[in-house]
Amino acid sequence: MAFFVRSLSIRALPTRASKAQPVSRFLLPNLRTITTAATKNISFGGRSVGVPTGLFIGGEFVNAKGGNLFETENPATGKPLLSVAEGREEDVDEAVRVARKTFQTWKDSNPVYRARLLNKLADILERNAEDLVAIECADTGKTAKQAGNLDVPGSIGTLRYYAGWADKVLGQTSTNIPSTFAFTRREPVGVCGQIIPWNFPLLMFVWKIAPALATGNTVVIKTAEATPLSALKVCQFIKEAGFPDGTVNLVSGYGKTVGNAIAHHMDVDKVAFTGSTATGRGILKASAASNLKKVTLELGGKSPNIIFPDADIEKAVDWSAWGINMNFGQTCHAGTRIYVHEDVYDKFVEQYTARMKAIQVGPNDQQGVDQGPQNSKMQYEKILGYIKSGVDEGATVHLGGKPIERTEGGYYIQPTIFTDVKPDMKIMREEIFGPVVCISKFKSESEVLEQANDTTYGLAAAVHTKDYERALRVTSALKAGTTWVNMYNFVHWSIPFGGYKESGIGRECGEAVLENYTQTKAVFFNMGMSAPK
Ligand code: NAI
Ligand code: MG
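Residues numbered from 1 in each chain as written. Chains lettered and ligands numbered in written order. Predicted model: local features only at pLDDT ≥ 70, side-chain atom pairs only at ≥ 80, totals over all residues. Heavy atoms only, no water.

## Observations concerning the pattern of salt bridges
Tallied over the entire structure, the rule returns 29 salt bridges. We note a salt bridge from Arg-100 to Asp-267, for which the minimum N-O separation is 3.1 Å. Of this pair, Arg-100 sits in helix H4 (residues 89-106) while Asp-267 sits in the loop between helix H10 (255-264) and strand E12 (270-274); the two residues are 167 residues apart in sequence, bridging distant segments of the chain. For the salt bridge of Asp-151 with Lys-142, the shortest nitrogen-to-oxygen distance reads 2.8 Å. (Salt bridge = Lys/Arg side-chain N within 4 Å of Asp/Glu carboxyl O. Helix = DSSP H or I, 4+ residues; strand = E, 2+ residues; numbered from the N terminus.)

See below:
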């Protein structure tokens, strides 16, 4: 098998790439010396981990041109965690220049080579999983359970999945048109700008870079200012895996500067964005105002979760609790609007309340904690603002509703259930992004479908029922990009993910995302046709 790959690598290489790269690079990339001069240590749960703090441009960790730094904090205490280089417009320019230059050879590289690099990166992530969990927990407030069971394995799986796709992106042929032979090529788009949020910093980094690299694009990526650390660590691993310098370039910094510069850049061919709908609109406008770069958007949600009377209530309670507890509600597909049929409303609410009451909230480095701090002070205040608006608009706080103050500081909020909610309340219409759900009662399928779809968003939706005809009917009628039957908050790298309506444009994951990272070129061959006179 190894021999097969070896011979394939050598023969199938385009000449430019084979001249430029020694064969050994395509097989077992050498470990290179890593110059992470600015590596600093952080610790979480007794584990100390070094994190590079520079911008990652052209395969090196470098200082920002302006020499600026910004601080990321630990949300469990609200105390500073680490200072990292803060990029600005001129750093984006440099990163794009390097990414453009690298694209000239990377686009023609053997897909088998790209697959091997992606798999190698997956191996390195696997070996360093505990360090990545520690970094992610310290920077975001996640529990080790969340980061260790979902974020890190999800990132590794995504890398391997797109490694598998690298040599399977094919075009079509046509001999149907008389006197012609036509075919299509799937070519990489070019330099891809990628902007990611703070709720899944590692996973979103990998969701973005893996399909882009598999298809021969180069990348300039910006992490969220609240959570820059895990991506910096992965850049160290990208270098260790032996990716050519400049394939992935990371510019940490703020949205208004770095994000805005990427979105407006005249030499960025595509932007992939995950974050709020408001910022997503800005990205689309920036494309229109600059070079009409392709834009894909993965935005917010206000997803309905419907419980019919024939559901297994105990399981529906478990999944509905996970629907909001996953990542403490900071999930774009969180099940924030629960609709329960009147026949089982009391039973469901009683069991659900008991389930939510049992959630242990506290510092994320303590054993047994289910819910850690919210990601940042800004988000914490935003969530408390929504809770207040629910109260002001007349909803009932059935459970929780208060911050949890700790002498050590940090951003903790009680799991919160609102009842007596009305469809036009802010808490029923806007994304809260915290541990807050609204429960409503319904009478009929048609009524609940109307309410469920009464939103500008369309990211996800779920139905709990044992009636499979109903399950199919309801999932067909729900206007959302992901629908679940008898489960909630389950996504997988092999299945397309994205939004209907204002929840986004385009799909991530699965084969679908490859569409975003390739463009189709048609090639006609004249097979004997005369020119029209
Ligand atoms: P945001 O959409 O502003 O941030 C996401 C990313 O966009 C970050 O990297 C940020 O630096 C960048 N960004 C900000 N302004 C930009 C600009 N003008 N140009 C280019 N990039 C820019 O979201 P934010 O402020 O962190 O959170 C606000 C709310 O957005 C949350 O409370 C939540 O409701 C929603 N959100 C949704 C996410 C999702 O996965 N759908 C993820 C994060 C936030
Ligand atoms: Mg942080």
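That covers the picture; the talk isn't over yet.
## Regarding the nonpolar core
Residues Leu-121, Phe-205, Ile-209, Leu-229, Ile-238 and Phe-243 are the most contacted members of the largest nonpolar core, which totals 73 residues. Two domains each provide a minimum of three residues to this core, namely domain 1 (36-299 + 507-518) and domain 2 (304-485). Discounting chain neighbours no more than four positions away, the residues touching Leu-229 are Ile-42, Val-51, Thr-72, Leu-81, Leu-82, Val-84, Ile-135 and Asp-139. Within the second largest apolar cluster, 27 residues are counted, among which are Tyr-380, Ile-383, Cys-438 and Val-448. (Core = buried A, V, L, I, M, F, W, Y, C linked by side-chain atoms within 4.5 Å. Buried < 20%, exposed > 50% of the residue type's maximum accessible area, 1.4 Å probe, protein only. Domains from an automatic or database assignment. Contact = heavy atoms within 4.5 Å.)

## Notes on helix H17 (residues 468-477)
Owing to its 3.6 residues per turn, the α-helix brings residues three or four apart onto one side. Within the sequence span of H17, burial applies to Arg-470, Ala-471, Val-474 and Thr-475. The buried residues of H17 occupy one face: seen down the axis, they fall within an arc of 125 degrees. Looking at H17, the residues exposed on the side facing more than 90 degrees away from the buried face are Glu-469, Leu-472 and Ser-476. Among the structural elements, strand E14 (304-307), helix H16 (445-452), strand E21 (460-464) and strand E22 (482-485) are those in contact with the buried residues of H17. (Arc of directions from axis to C-beta.)

## Some points on the site of ligand 1
Ligand 1 sits among 26 residues. The nearest are Trp-198, Lys-222, Glu-225, Ser-276 and Lys-382. Within the contact set of ligand 1, an oxygen atom lies 2.8 Å away from a side-chain nitrogen or oxygen of Gln-379. Summarising the interface, the protein chains cover 85% of the accessible area of ligand 1, which totals 810 Å² for the free molecule. In a pocket analysis with a 2 Å cut-off to the grid points, ligand 1 is assigned to the largest pocket. Among the elements of the structure, H10, E12, helix H11 (277-289) and helix H14 (377-392) are those that each provide at least two residues to the shell around ligand 1. Domain assignment of the residues forming the shell around ligand 1 places at least three in each of domain 1 (36-299 + 507-518) and domain 2 (304-485). (Near = heavy atom within 4 Å. Polar contact = N/O pair within 3.5 Å; in protein donor to acceptor, adjacent residues only side chain to side chain. Areas by Shrake-Rupley, 256 points an atom, 1.4 Å probe, with all protein chains shown as cover. 1 Å grid on protein atoms, 1.4 Å probe; cavity = no way out; pocket = protein on both sides within 12 Å on 5 of 7 lines; lining within 4 Å. Sits in = over half its atoms within 2 Å of the grid points.)

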